[in-house]
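What the coordinates show
Read off the chains here:
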Amino acid sequence: MSLQAVVDKLKAKFGDTVLNEKEFRGEVTVVVKKEEIVAVCTFLKDELGFSFLTDLCGVDYLGTAPRFMVVYQLYNIGTHQRFRVKAPVEEGDACIDTVSGVWSTANWHERECYDLMGISFNNHPDLRRILLPDDWEGHPLRKDYPVQGPDREPYQGRLR
Amino acid sequence: MATTETMTINMGPQHPSTHGVLRLVLELDGEVVKKAVPHIGFLHRGIEKLSEHRTYHQILPLTDRLDYLAPMHNNLGYVLAVEKLLGLTDEIPERAQVVRVLLAELTRIKSHLVWLACHALDIGAMTIFIYCFREREEIMDFYERISGARMTSNYFRVGGLSADLPDGIEKDLRKFADDIPGHLETYEGLLTGNKIWQKRIQNVGVLSGKDAIDLGVTGPCLRASGVDWDLRRDDPYSGYENYDFKVIVDDGCDTWARYTCRLDEMRESCKIIHQALDKLKPGPILADAPKIVLPSKQDTVNTIEGLIHHFKIVSEGFKPEEGEVYVGVENPKGEVGFYLISDGSPRPYRMKIRPASFVNLQALPKMCEGSMIADVVAVIGTLDIVLGEIDR
């Protein structure tokens, strides 16, 4: 089954939930509404064979609306195909349903995304910071978080 | 039946068998582990954040510091991702591809040797540690001759290699690849028939194939759970499709299966090294892409184009078109992936690293809950984690 067929099946099943699709260098990305993310992922896993969640991360598009994207990299072990699903998340309502019920591996990835990007995952079994200390303030991978850390002079070395 | 009170103990982060700064909080009922909770992040250096502020060439040295036991593999994953982003994948010269495979397999042996050394040492077999590090030292010498550094190689470049192989190294590499199977027999002679070794790792840390896929486990840990999947064969990169090697699969699912699986992988790596050495022909080592690849020193000082390209690449960097790619490579520990988003500027808008050890470590509670506390040490060893990669 080609990746285009996967996209067509998703569209046939979910209709308006699929907001956008894109191909770049042979990699297909589909953007879906965040409300349906668990249903989309379950469908991809159970019906289309994407049994492996390779990675999950958040991306901050500061200055655009919606501000965040949560990105799911899927893999089909049988056909060796990769597929990417994205879900937009608003800044004012920075949360999305967890997919850790679909793939257990999402548990730590979502904790990392929460820790570094500040996106909450509804119904997550154990949503705590994972890499940073529990009392850390802020989310470092956000674009408005300075690279040198808060309350410090910006590093000027390369700009001067 | 009388129930006893459970006890919570802390293991690590400064503990010799946690392979770095891993902290485990174990809830024990007598000697039986009821619950294991890993705490990580002690080595977090913010590599993903830093890379958003560097040019694509400047990120390469950061990738060495992820899995510092297999630095060449991280370099390889990163340069392949950038090359895919640039659409440069088909332009890489034959010689550069062969050298990449050659060194990737050498790195696999190096990483597996450290795994065997530390795993056996944790369980109490000290001699093997010394033997494995003796062989690893030879690989370190190769590293030093090739890249100038023993650990942080930083040898591959976007578009090819930073320098050609030194003269005469082919002969030494061939001898090394000839010797390794003999050394492996020595290790097996010390361990495989050893009753203590057998009792400590057989039926310990069992992980079924279904659970392994669900938890995202990759690499030898997945293949030792009976799942036949290797990115080198299934999603080939750098010309791996031209090599003849066997993907080692074992359905034992326990620590013993992972032990035999990794030993056999080293044998296969030796075969690949021999094939790569056969394929190695003189030729260019960098792609013909002057706006991306740094010009040679001779061109920089003698030609005006070379000078301009050098200046532009160093001061500004190259600008890939807008887009996003994900490339995964088969690291010794599992799939390491790089997800790059470009917004058309000389710096990546976002770089996400998919670390193998981070995901594999997630299987630890599943593998050691219900077993004895001494088995936790065996499970940490068999997962072959590197904290530099977990914490990034």
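Residues numbered from 1 in each chain as written. Chains lettered and ligands numbered in written order. Predicted model: local features only at pLDDT ≥ 70, side-chain atom pairs only at ≥ 80, totals over all residues.

A tally of helices and strands in chain A yields three helices and seven strands. Walking chain A from its N terminus toward its C terminus, one meets helices and strands in the order α-β-β-α-β-β-β-β-α-β. Referenced to the eigenvectors of the C-alpha coordinate spread, the extents of chain A come out at roughly 55 × 35 × 30 Å. Taking contacts inside chain A between residues at least 6 apart in sequence as the whole, the part at least 24 apart equals 48%. (Helix = DSSP H or I, 4+ residues; strand = E, 2+ residues; numbered from the N terminus. Contact = placed C-beta atoms within 7 Å.)

Let's shift gears to the sheet that holds strand 3 (residues 52-60) of chain A. All names here are of chain A. The five strands lie next to each other as 1-2-5-4-3, forming an open sheet whose pairing is mixed. Bordering the open sheet on either side are strand 1 (18-24) and strand 3, each of which pairs with just one other strand. On average, each strand axis in the sheet is tilted by 20° relative to the strand beside it, whichever way the strands run. Bridge count for strand 4 (residues 68-76) against strand 5 (residues 81-89) is nine bridges, and the pairing is antiparallel. When the bridges of strand 5 are listed, L74 appears paired with F83. On the sheet, helix 3 (residues 106-117) packs against strand 3 and strand 4 and is oriented at approximately 10° with respect to strand 3. (Pairing = 2+ DSSP bridges. Axes fitted to C-alpha atoms, helices over the stretch in contact; angles between N-to-C directions.)

It is worth spelling out the interface of chain A and chain B at this point. With 26 residues of chain A in contact, the opposing surface of chain B contributes 33 residues. For the side of chain A that touches chain B, the elements supplying multiple residues, two or more each, are strand 3, strand 5 and helix 3 of chain A.

What follows concerns the domain arrangement of chain B. Residues and elements named next belong to chain B. Each assigned domain of chain B is listed here: domain 1 (7-39) and domain 2 (47-391). Taken together, the contact between domain 1 and domain 2 spans 16 residues of the former and 17 residues of the latter. Within the residue set of the side of domain 1 that touches domain 2, elements represented by two or more residues are strand 2 (23-29) and strand 3 (32-39). Sorting elements by how many residues they give to the side of domain 1 that touches domain 2 places strand 3 first, with six residues. Here the residues of the side of domain 1 that touches domain 2 are counted per class, giving nine nonpolar, four polar and three charged. (Domains from an automatic or database assignment. Nonpolar A, V, L, I, M, F, W, Y, C, P; charged D, E, K, R; others polar.)

This paragraph deals with the sheet that holds strand 6 (residues 323-331) of chain B. All names here are of chain B. Sheet architecture is open: three strands sit in the order 6-7-8, paired in antiparallel fashion. Single-partner strands in this sheet number two, and they are strand 6 and strand 8 (348-354). With direction set aside, neighbouring strand axes in the sheet form an average angle of 15°. Here helix 3 (residues 71-86) sits on the sheet in contact with strand 6 and strand 7 (334-342), set at roughly 150° to strand 6.

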